[in-house]
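Here are the chains, one letter per residue:
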Amino acid sequence: MRPAERLRAEAVTLAYGRRVVAENLTAVVPDGGFTVIVGPNACGKSTLLRALARLLPPRAGQVVLDGRSIASQPTKAVARQIGLLPQSSIAPPGIAVEDLVARGRYPHQSLLRRSLERDRTAVARAMAATGVSDLAEQVVDELSGGQRQRVWIAMALAQDTEIILLDEPTTFLDIAHQVEVLELLARLNRQGKTVVAVLHDLNQAARYASHLIVMADGQQVACGPPAAILTEDLISRVFGLPCLVMPDPVTGAPLVIPRSAERLGPIA
């Protein structure tokens, strides 16, 4: 039986060169949940996501996948378990939608063995799930921002992983396309995918997440269901924002309403 927490960071120190972003950071991703990582700019949200995806090796501590250090596992084996949509995705010039989505099948292929029928089925299923089947022959660069983001998510889905990590998937999208992408991720989660996303919008995070990780200064300062942890005091301390937290009239999730533009300063 797989653990309820398949993916976690254990006391990791994360750095880029000499710049240390996080020290002794522990964070757990509940299996089968929709986890959203939130926090002020430059607090380490994307850095944590990169570590969970095995793109950034910890200086100390470890990231654990299915009870084993992720660093000890073969690259393709990890890629069959974890799909990643990075913050800035650039498609090769002139590539068609279907060809880009098909690149998600790479972890399942080898020089000696390829299942073309299985690959075609996975690509078709991923494109149908994200609503881009009718765009199959179109060039990715000619699509709208919302369409492109759905195509990238389709590529991650074609990878056929149980865990999907997304770094700011709604950035640069208008509000309608933001909701479209988040509704898609929520639907994938309901279908059994473990989803982890970095988001900036607290109200979107509260509405869609089943589990929040709140970060500040490279540390996790709170985690749990949005209704349990999103308080006026927490938001004031982490974001320096006086606010009112009340139930969303549509979903009942916490709704954050700023009281003023006054800043209270950084978290102590």
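Refer to the structure printed above.
Residues numbered from 1 in each chain as written. Predicted model: local features only at pLDDT ≥ 70, side-chain atom pairs only at ≥ 80, totals over all residues. Heavy atoms only, no water.

Caption draft 1: The overall build of the protein, seen in detail. Helices and strands together make up the secondary structure of the protein, namely 9 helices and 12 strands. What you see for the protein is a C-alpha radius of gyration of 19 Å, in line with the 18 Å of a compact globule of 268 residues. Taken over the C-alpha atoms alone, the protein extends approximately 60 × 40 × 40 Å along its principal axes. Every one of the 268 residues in the protein was classed for burial, and the buried ones make up 49%. Excluding contacts between residues fewer than 6 apart, the proportion of contacts in the protein whose partners are at least 24 apart in sequence is 65%. Within the protein, one finds 28 positive and 26 negative side-chain charges whose respective centroids are separated by 7 Å. (Helix = DSSP H or I, 4+ residues; strand = E, 2+ residues; numbered from the N terminus. Rg over C-alpha atoms; globule rule 2.2 N^0.38 Å. Buried < 20%, exposed > 50% of the residue type's maximum accessible area, 1.4 Å probe, protein only. Contact = heavy atoms within 4.5 Å. Lys, Arg positive; Asp, Glu negative; His and termini not counted. Charge placed at Lys NZ, Arg CZ, Asp CG, Glu CD.)

Caption draft 2: Highlighting the packing of helix 4 (residues 116–129) against helix 5 (residues 145–158). At a closest axis distance of 8 Å, the pairing of helix 4 and helix 5 adopts a crossing angle of 140°. Compared by their axis directions, helix 4 and helix 5 come out oblique. In the crossing of helix 4 with helix 5, the sense of the turn from one axis to the other is right-handed. Contacts between helix 4 and helix 5 involve A122, V123, A126, M127 and A129 on the former and, on the latter, A154, L157 and A158. Of the residues contributing to the contact of helix 4 with helix 5, the split by class is 8 nonpolar, no polar and no charged. (Axes fitted to C-alpha atoms, helices over the stretch in contact; angles between N-to-C directions. Parallel < 35°, antiparallel > 145°, perpendicular 65-115°, else oblique. Left-handed = near helix turned anticlockwise from the far one by under 90°. Nonpolar A, V, L, I, M, F, W, Y, C, P; charged D, E, K, R; others polar.)

Caption draft 3: Expanded view of the sheet that holds strand 6 (residues 82–85). Here we have 6 strands laid out as an open sheet, ordered 6-7-8-3-9-10, and mixed in their pairing. Looking at which strands have only one partner, the edges of the open sheet turn out to be strand 6 and strand 10 (219–224). Ignoring strand direction, the axes of neighbouring strands in this sheet form an average angle of 15°. Examined bridge by bridge, strand 3 (residues 34–38) and strand 9 (residues 211–216) share 4 bridges and lie parallel to one another. (Pairing = 2+ DSSP bridges.)

Caption draft 4: Quick peek at the pattern of salt bridges. One pass over the full model with this rule turns up 7 salt bridges. For the salt bridge of R6 with E162, the shortest nitrogen-to-oxygen distance reads 2.6 Å. Here the residue R6 occupies a position in the segment before strand 1 (7–16), and E162 occupies one in the loop between helix 5 and strand 7 (163–167), the gap between them amounting to 156 residues. With a relative accessible area of 1%, R6 lands in the buried category. A relative accessible area of 37% places E162 in the partly exposed class. Between R237 and D233 there is a salt bridge, and its shortest N-O distance comes to 3.1 Å. Placement of both R237 and D233 in helix 9 (residues 232–239) is noted, with a separation of 4 residues, approximately one turn of the helix. Judged by relative accessible area, which is 36%, R237 ranks as partly exposed. Overlapping salt bridges bring together R6, D66 and E162 as one network. (Salt bridge = Lys/Arg side-chain N within 4 Å of Asp/Glu carboxyl O.)

Caption draft 5: Just unusual backbone geometry, in detail. The phi dihedral of D66 is positive, around 55°, even though this residue is not glycine. You will see that D217, though not glycine, has its phi angle at about 50°, which is positive. Structurally, D217 is set in the loop between strand 9 and strand 10. On the basis of relative accessible area, D217 is assigned to the exposed category, the value being 59%.

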